[in-house]
Amino acid sequence: AKALLKGNWVSVIISSLTVLFSFFIIYNIGWVLSLVIGDIASSLIAVVLGVVLLGPLSLGVIRYFYRIKGGMDETPATVFYYFSFRRGFNKAIRLCIALAVRFLLTAAIFYLPAVLVYVISSPNLYDFLKMPIPLWSQHLTYLVNFLSSLASVLTAFSLLKFYLAPFLIIADDEMDVEEAVLMSTVISKTTITD
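What you see is a predicted model; the values in this text were computed from it and never measured.

(A) Summary view of the overall build of the protein. Broken down by element type, the protein carries 8 helices and 0 strands. Tracing the protein from N to C terminus, the helices and strands come up as α-α-α-α-α-α-α-α. Its C-alpha atoms give the protein a radius of gyration of 22 Å, more than 25% over the compact-globule value 16 Å for 194 residues. Each principal axis of the C-alpha distribution contributes one length, and for the protein these read about 70 × 50 × 35 Å. The buried share of the protein, taken over its 194 residues, is 32%. Put simply, of all contacts in the protein between residues at least 6 apart along the chain, 63% involve residues at least 24 apart. Here the protein displays about 12,600 Å² of accessible surface, and carbon together with sulfur accounts for 73% of that area. In the protein, 13 side chains carry a positive charge and 11 a negative one; their mean positions are 2 Å apart.

What follows is the structure, given as structure tokens:
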């Protein structure tokens, strides 16, 4: 790593900070908008900005590091590569959406038990049903916390199978997003423990 970074430190730091500062800018835009238009609308706008800006930018940073590793001389402006042509921008957005959908579906499956236990332990449920709150329902918060933590770990491990998708997109410009996701799943079956 030191050999690769020798002579590139300033360029690498600028490239990395570009994504970090973009994230902070989007976060602050969302915060300011929440004061004006409310939390839900501002969160939706921040998510859209995150996908549209951070998706291609993050893929550009990965491409930048990939090309430096390949011995190519790159400038920090390379991180904006996927903004420079429509096909690349669309591919970066489609990759972000494909990975986000898989994340949401996986998280929904693993968090379902925690949500169900939370609903059962909620006093609002018993108020709605006009029933007295059972004494045992108060102690289910520990189970909710355990199931939520377990769901987070299982979701993270389950999503590791998609770790190669961005690299495959970068390594082969002709590769489609769905093909990259599928190839990542296939390759990760033998490499995921590493």
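(B) A look at the packing of aromatic side chains. Summed over the entire model, instances satisfying the criterion amount to 6 aromatic pairs. For the pair phenylalanine 83 and phenylalanine 89, a centre-to-centre distance of 5.8 Å together with 40° between the ring planes defines the contact as tilted. Following the ring pairs from residue to residue traces out a cluster consisting of Phe80, Phe83 and Phe89. The ring of tyrosine 81 is capped by arginine 63, whose NZ or CZ atom sits 3.5 Å from the centre of that ring.

(C) Summary view of the environment of alanine 107. Relative to the helices and strands, alanine 107 resides in helix H4 (residues 86-121). The exposure class of alanine 107 is buried, given its relative accessible area of 12%. When the C-alpha atoms of alanine 107 and leucine 44 are compared, they prove to be 19 Å apart, with 63 residues separating the residues in sequence.

(D) View of the packing of H4 against helix H6 (residues 140-159). With their axes 9 Å apart at the nearest point, H4 and H6 run at an angle of 175° to one another. Comparing the axis directions of H4 and H6 gives the class roughly antiparallel. Residues Arg102, Phe103, Thr106, Ala107, Phe110, Tyr111, Pro113, Ala114, Val117, Tyr118, Ile120 and Ser121 of H4 form the contact with H6, whose own contacting residues are Leu140, Leu143, Val144, Leu147, Ser148, Ala151, Ser152, Leu154, Thr155, Ser158 and Leu159. Per-class residue counts for the contact of H4 with H6 are 16 nonpolar, 6 polar and 1 charged.

(E) View of H4. With 36 residues, H4 extends 50 Å from end C-alpha to end C-alpha; this agrees with the ideal 52 Å at 1.5 Å per step. The sharpest bend along H4 measures roughly 45° and falls at tyrosine 111, with the proline proline 113 sitting one to four residues further on. Turning to H4, its buried residues number three or more, namely Gly88, Lys91, Ala92, Ile93, Leu95, Ala98, Thr106, Ala107, Ala114, Val117 and Ser121. Contacts made by the buried residues of H4 are with helix H3 (39-69), helix H5 (123-129), H6, helix H7 (165-171) and helix H8 (177-191).

(F) Broad picture of H8. In this model H8 runs 20 Å from its N-terminal to its C-terminal C-alpha over 15 residues, within 8% of the 21 Å that 1.5 Å per residue would give. Along H8, the residues that are buried comprise Val177, Ala180, Val181, Ser184 and Ser188. The buried residues of H8 occupy an angular sector of 95° when the element is viewed end-on, so they sit on one face. Residues Leu182, Lys189 and Thr190 are exposed on H8 and point more than 90 degrees away from its buried face. Looking at the buried residues of H8, the elements they touch are H4 and H7.

(G) Just the nonpolar core, in detail. Core analysis: the biggest nonpolar cluster contains 16 residues, and Leu59, Tyr82, Leu95, Ile169, Val177 and Val181 have the highest contact counts within it. Breaking this core down by element, the ones donating at least two residues are H4, H7 and H8. Among the elements that line this core, the one with the most residues is H7, at 4 residues. Counting residues in hydrophobic clusters, the runner-up holds 10 residues, among them Val12, Val19, Ile26 and Val79.

(H) Geometry of the packing of H3 against H4. Here H3 crosses H4 at 105°, and the two axes come no closer than 9 Å. When the interaxial angle is binned, H3 and H4 end up roughly perpendicular. Across the interface between the two elements, Val51, Val52, Gly55, Pro56 and Leu59 from H3 touch Phe89, Ala92, Ile93, Leu95, Cys96 and Ile97 from H4. The residue inventory of the contact of H3 with H4, partitioned by class, reads 10 nonpolar, 1 polar and no charged.

Reading the values: the criteria
Residues numbered from 1 in each chain as written. Predicted model: local features only at pLDDT ≥ 70, side-chain atom pairs only at ≥ 80, totals over all residues. Heavy atoms only, no water. Helix = DSSP H or I, 4+ residues; strand = E, 2+ residues; numbered from the N terminus. Rg over C-alpha atoms; globule rule 2.2 N^0.38 Å. Buried < 20%, exposed > 50% of the residue type's maximum accessible area, 1.4 Å probe, protein only. Contact = heavy atoms within 4.5 Å. Areas by Shrake-Rupley, 256 points an atom, 1.4 Å probe, with all protein chains shown as cover. Lys, Arg positive; Asp, Glu negative; His and termini not counted. Charge placed at Lys NZ, Arg CZ, Asp CG, Glu CD. Phe/Tyr/Trp six-rings, centres within 6.5 Å; stacked < 30°, edge-to-face > 60°. Lys NZ or Arg CZ within 6 Å of the ring centre and 35° of its normal. Axes fitted to C-alpha atoms, helices over the stretch in contact; angles between N-to-C directions. Parallel < 35°, antiparallel > 145°, perpendicular 65-115°, else oblique. Nonpolar A, V, L, I, M, F, W, Y, C, P; charged D, E, K, R; others polar. Expected span 1.5 Å × (residues − 1). Bend = angle between axes of the 7 residues up to and from the residue. Arc of directions from axis to C-beta. Core = buried A, V, L, I, M, F, W, Y, C linked by side-chain atoms within 4.5 Å.

Read these as geometric descriptors, not functional statements.
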